[in-house]
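Here is how the chains run, residue by residue.
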Amino acid sequence: MRVLGIESSCDETAAAVVEDGRVVLSDVVRSQVDIHRRFGGPVPEIASRSHLEVIVPVVQEALERAGLAAADVDAVAVTHRPGLIGALLVGVATAKALALALDKPIVGIDHLAAHIYASWMDSDDPPTPPFVALVVSGGHTSLFRLDDPFQPHEIGSTADDAAGEAFDKVAAILGLGYPGGPVIDRVAKGGRTRRFPFKPPLLTRDGLDFSFSGLKTAVLYRVTGKNSRHEPVPLTEENVRDVAASFQEAVVEGLAQAAFRAVERSGAEDLVVGGGCAANSRLRQRFTTEAAQRGVRLFLPTVARSTDNAVMIAGLAYHRLNEHGPDDLTLDAIPTGR
Ligand code: KG4
Ligand code: ZN
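These numbers come from a predicted model, not from an experiment. (Residues numbered from 1 in each chain as written. Chains lettered and ligands numbered in written order. Predicted model: local features only at pLDDT ≥ 70, side-chain atom pairs only at ≥ 80, totals over all residues. Heavy atoms only, no water.)

J.: Would you mind going over the overall build of the chain with me for this structure?
T.: Of regular secondary structure, the chain possesses eleven helices and ten strands. Taken over C-alpha atoms, the radius of gyration comes to 20 Å for the chain, in line with the 20 Å a tight globule of 338 residues would show. Its C-alpha atoms give the chain principal-axis dimensions of about 65 × 45 × 30 Å. Here the chain holds 338 residues, and the buried ones make up 53% of them. When contacts within the chain are restricted to residue pairs at least 6 apart in sequence, those whose partners lie at least 24 apart make up 73%. Entry remark: accessible area of the chain is about 14400 Å², with carbon and sulfur atoms responsible for 51%. (Helix = DSSP H or I, 4+ residues; strand = E, 2+ residues; numbered from the N terminus. Rg over C-alpha atoms; globule rule 2.2 N^0.38 Å. Buried < 20%, exposed > 50% of the residue type's maximum accessible area, 1.4 Å probe, protein only. Contact = heavy atoms within 4.5 Å. Areas by Shrake-Rupley, 256 points an atom, 1.4 Å probe, with all protein chains shown as cover.)

The following block contains the structure:
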């Protein structure tokens, strides 16, 4: 079964064709990062307009690269939640138009379930339920328990910003530009993680929920000296490296503490990490080490499959179609999702 997948929930317009949930026939991602850079983050209305401009060529390119005509696909899948409403609507309307014109089934996909699937879709030995998943991205930071590998049940989330948003804001404070995740990852290498002991971004010491706004403010106050018993920290190369490394360490520490706590509480043996921040090299290192110590199997996406793509949408759709059947043309775009 060949599924055409469409993704437009945030600032990437993507389309892909995937066969039987696994075999990638094409994978096209058009990022809007350059458009949103000067605003320091995605601007919803601009995102919707940009999706509208490129979505048809992106879908065409995905079909061409797969060597298929539109009529050759067996189903059309689309991210319909959660995300920016205007951005989601562009993908959902495109998918409905294609499904109607081609007389093919349509299936709506949960973006977060797809991020989780992206982390293990290439594995010959998938995670065994119940397992735990952590999705960390620019828009989301949540922990899930999965009793069914395709149906995440949320057990923890952020009370305010997402982890990726915190990376983006701290990068702005340090004058490092946008998007912040990749640049902090790079700059933090060789930085001293203990020079600025920021607290891990956990809402309570023993819970599964996060809060990133306090950490972001702590970095701001530490750097500017505002409301602080410390002197300001001039943004020299060395200081920026140390602040970035200390901030990143606090984020990764908080994420790891909550994720492994969730694994323990769920009696799970497998842990899946997905989303844009799963590309972070310190996160990958920290999770790999602790998983090995605890005898937990860890599933990490490749760096390319960490950030938004349509392969994960088309791939997961195969399983949803098999288990639940298709949706219909009343399919709605839902910004909140759960
Ligand atoms: O999954 P994604 O593409 O979009 C959402 O669903 O939000 O994630 C994008 C986020 C951005 O905030 C970006 O800064 C972050 O992922 N990111 C990283 C890294 N690469 C991307 N964060 C930390 N370290 C990285 N290497
Ligand atoms: Zn995402």
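Don't stop here, the text continues.
J.: Sorry, what's going on with the state of the cysteines here?
T.: As used here, a disulfide is simply a covalent bond connecting the sulfur atoms of two cysteines. With the rule as written, the count across this model stands at zero disulfides. A disulfide-free cysteine, Cys 10 has its sulfur positioned 12 Å from the sulfur of Cys 277, the nearest such atom. With a relative accessible area of 22%, Cys 10 lands in the partly exposed category. (Disulfide = S-S within 2.5 Å.)

J.: In this structure, what is going on with the packing of aromatic side chains? I would like to understand it.
T.: Tallied over the full model, the rule gives seven aromatic pairs. Ring geometry for Phe 196 and Phe 198: centres 6.3 Å apart, planes at 20°, overall stacked. An identical accessibility class is assigned to Phe 196 and Phe 198; each is buried. (Phe/Tyr/Trp six-rings, centres within 6.5 Å; stacked < 30°, edge-to-face > 60°.)

J.: Is there a simple way to think about the coordination of the zinc ion (ligand 2) in this case?
T.: Each pair of donors in an ideal four-coordinate tetrahedral metal site encloses 109.5 degrees, whereas pairs in an ideal six-coordinate octahedral site enclose 90 or 180 degrees. At the metal site, the zinc ion (ligand 2) is ligated by His 111 (NE2), His 115 (NE2) and Asp 308 (OD), and these contacts range over 2.0 to 2.1 Å. One can describe the site at the zinc ion (ligand 2) as irregular: its four donor atoms subtend angles covering 92 to 145° at the metal. Along the chain, the residues donating to the zinc ion (ligand 2) fall in the pattern H-x3-H-x192-D. Of this pair, His 111 and His 115 both sit in helix 4 (residues 111-118), separated by four residues, roughly a single helical turn. (Donors = N, O, S within 2.8 Å, 3.2 Å for Na, K, Ca; no water. Tetrahedral: all angles 85-135°; square planar, octahedral: opposite > 155°, others 65-115°.)

J.: Help me understand the side chain of Asp 308, please; the structure alone is not making it clear to me.
T.: With respect to the helices and strands, Asp 308 occurs in the loop between helix 10 (303-306) and helix 11 (311-324). One buried charged residue, Asp 308, forms no salt bridge at all, with the nearest opposite charge on Arg 305 at 11 Å. Side-chain polar atoms of Asp 308 contact the side chain of His 111, separated by 3.1 Å. Of note is the side chain of Asp 308, whose polar atom sits 3.0 Å from the side chain of His 115. Setting aside residues no more than four positions away along its own chain, Asp 308 makes contact with Glu 7, Ser 9, Cys 10, Glu 12, Val 29, His 111 and His 115. (Lys, Arg positive; Asp, Glu negative; His and termini not counted. Salt bridge = Lys/Arg side-chain N within 4 Å of Asp/Glu carboxyl O. Polar contact = N/O pair within 3.5 Å; in protein donor to acceptor, adjacent residues only side chain to side chain.)

J.: What is the right way to look at the site of ligand 1 in this model?
T.: Neighbouring residues of ligand 1: 19 residues in total, closest Gly 138, Gly 139, Gly 181, Asp 185 and Asp 308. The side chain of His 111 places a nitrogen or oxygen atom 3.3 Å from an oxygen atom of ligand 1. Separating an oxygen atom of ligand 1 from a side-chain N or O atom of Ser 137 is a distance of 3.2 Å. Its free accessible area being 560 Å², ligand 1 has 90% of it covered by the protein chains. Of all the secondary structure elements, the ones that give two or more residues to the shell around ligand 1 are helix 4, helix 5 (163-173) and helix 6 (180-187). A class-by-class count of the residues in the shell around ligand 1 yields four nonpolar, eleven polar and four charged. (Near = heavy atom within 4 Å. Nonpolar A, V, L, I, M, F, W, Y, C, P; charged D, E, K, R; others polar.)

J.: Any chance you could explain the packing of helix 4 against helix 11 here in plain terms?
T.: Packed helices, taken two at a time, are described by their axes: the angle between them and the distance between them. Contact geometry for helix 4 and helix 11: axes closest at 9 Å, N-to-C directions at 95°. By the angle between their axes, helix 4 is roughly perpendicular relative to helix 11. Across the interface between the two elements, His 111, Ala 113, Ala 114, His 115, Tyr 117 and Ala 118 from helix 4 touch Met 312, Ile 313, Gly 315, Leu 316 and His 319 from helix 11. Grouping the constituent residues of the contact of helix 4 with helix 11 by class yields seven nonpolar, four polar and no charged. (Axes fitted to C-alpha atoms, helices over the stretch in contact; angles between N-to-C directions. Parallel < 35°, antiparallel > 145°, perpendicular 65-115°, else oblique.)

J.: How should the sheet that holds strand 9 (residues 270-274) be read in this particular structure?
T.: Adjacent strands of a sheet form backbone hydrogen bonds with each other and so pair up, either parallel or antiparallel. Spatially, five strands are ordered 8-7-6-9-10 in an open sheet, and the strand pairing comes out mixed. Looking at which strands have only one partner, the edges of the open sheet turn out to be strand 8 (151-157) and strand 10 (297-299). Strand-to-strand twist of the sheet, defined as the mean angle between neighbouring strand axes without regard to direction, takes the value 25°. Summarising the sheet, strand 6 (residues 131-136) and strand 7 (residues 141-148) pair through six bridges and their orientation is antiparallel. When the sheet's bridge partners are listed, Val 136 is paired in strand 7 with Thr 141. This element, helix 8 (residues 237-266), spans strand 6, strand 7, strand 8 and strand 9 of the sheet and lies at about 160° to strand 6. (Pairing = 2+ DSSP bridges.)

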